[in-house]
Amino acid sequence: MTFSPRTWSVGETATAAQFNTEIRDQILSLGWVSYTPTLTGVTLGNGSVSGEYNQQGDEVGVSLLLNFGSSTVVTGVLGFSFPVAPRNNNMRWTGEALINPPGTFRHGKSWLYHNSTSIAVGAVDPVGGGVGTFAAAGITMASTGWVCANIRYRSA
């Protein structure tokens, strides 16, 4: 929501304009907003990154996409900056990720801890089952590959 709702008086008759302002326009303001996340754990080179988020109250939903170019290099666990600062309340949040190196889809996870500085995205190791770097899961990213991730968390 984009404002503080008005206080209604007992017996007041609401007009169409008031309903539009107080209800319709506020629901329409709940749409997704584009942002360009800052990356860690990767040299972007000629790749591209994009993100969108939607905030409803203190809940933030994030969708991220990293497209690999010929000079994009993974150097560790991927990290994407937050569109909205998370609440530091000792919670841990997790989400999903899909990795296309390209050619064979692999499962990943996204996560953030209570003191995180970014949304982390890692690969699920098909043998050990743990989540970590792409290299540890046997994934070699290449041009035209991509990673998408989604997560919901509580804002500050």
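Residues numbered from 1 in each chain as written. Predicted model: local features only at pLDDT ≥ 70, side-chain atom pairs only at ≥ 80, totals over all residues. Heavy atoms only, no water.

### With respect to the nonpolar core
Here is step 1: Formed by 28 residues in total, the largest nonpolar core has its most connected members in Val62, Leu66, Phe80, Ile119, Val147 and Tyr153.
Here is step 2: Taken together, the elements giving at least two residues each to this core come down to strand S2 (39-43), strand S3 (48-56), strand S4 (59-67), strand S5 (73-80), strand S6 (93-100), strand S8 (119-124) and strand S10 (146-154).
Here is step 3: Apart from the residues within four sequence positions on either side, Val62 is in contact with Tyr35, Glu52, Tyr53, Pro83, Ile119, Ala149, Asn150, Ile151 and Tyr153. (Core = buried A, V, L, I, M, F, W, Y, C linked by side-chain atoms within 4.5 Å. Buried < 20%, exposed > 50% of the residue type's maximum accessible area, 1.4 Å probe, protein only. Helix = DSSP H or I, 4+ residues; strand = E, 2+ residues; numbered from the N terminus. Contact = heavy atoms within 4.5 Å.)

### So, the packing of aromatic side chains
Here is step 1: In this structure the tally under the stated criterion is three aromatic pairs.
Here is step 2: Taking 5.9 Å as the distance between ring centres and 80 degrees as the angle between the ring planes, the aromatic pair formed by Tyr35 and Tyr53 counts as edge-to-face. One end of the pair, Tyr35, is in strand S1 (residues 33-35); the other, Tyr53, is in strand S3, with 18 residues separating them in the sequence.
Here is step 3: For Tyr53, a relative accessible area of 18% puts it in the buried group.
Here is step 4: Summarising the aromatic geometry, the rings of Phe105 and Trp146 are spaced 5.7 Å apart at their centres and angled 55 degrees between planes, so their arrangement reads as tilted. Here Phe105, found in the loop between S6 and strand S7 (106-112), pairs with Trp146, found in strand S10; they are 41 residues apart in sequence, far enough to count as distant. (Phe/Tyr/Trp six-rings, centres within 6.5 Å; stacked < 30°, edge-to-face > 60°.)

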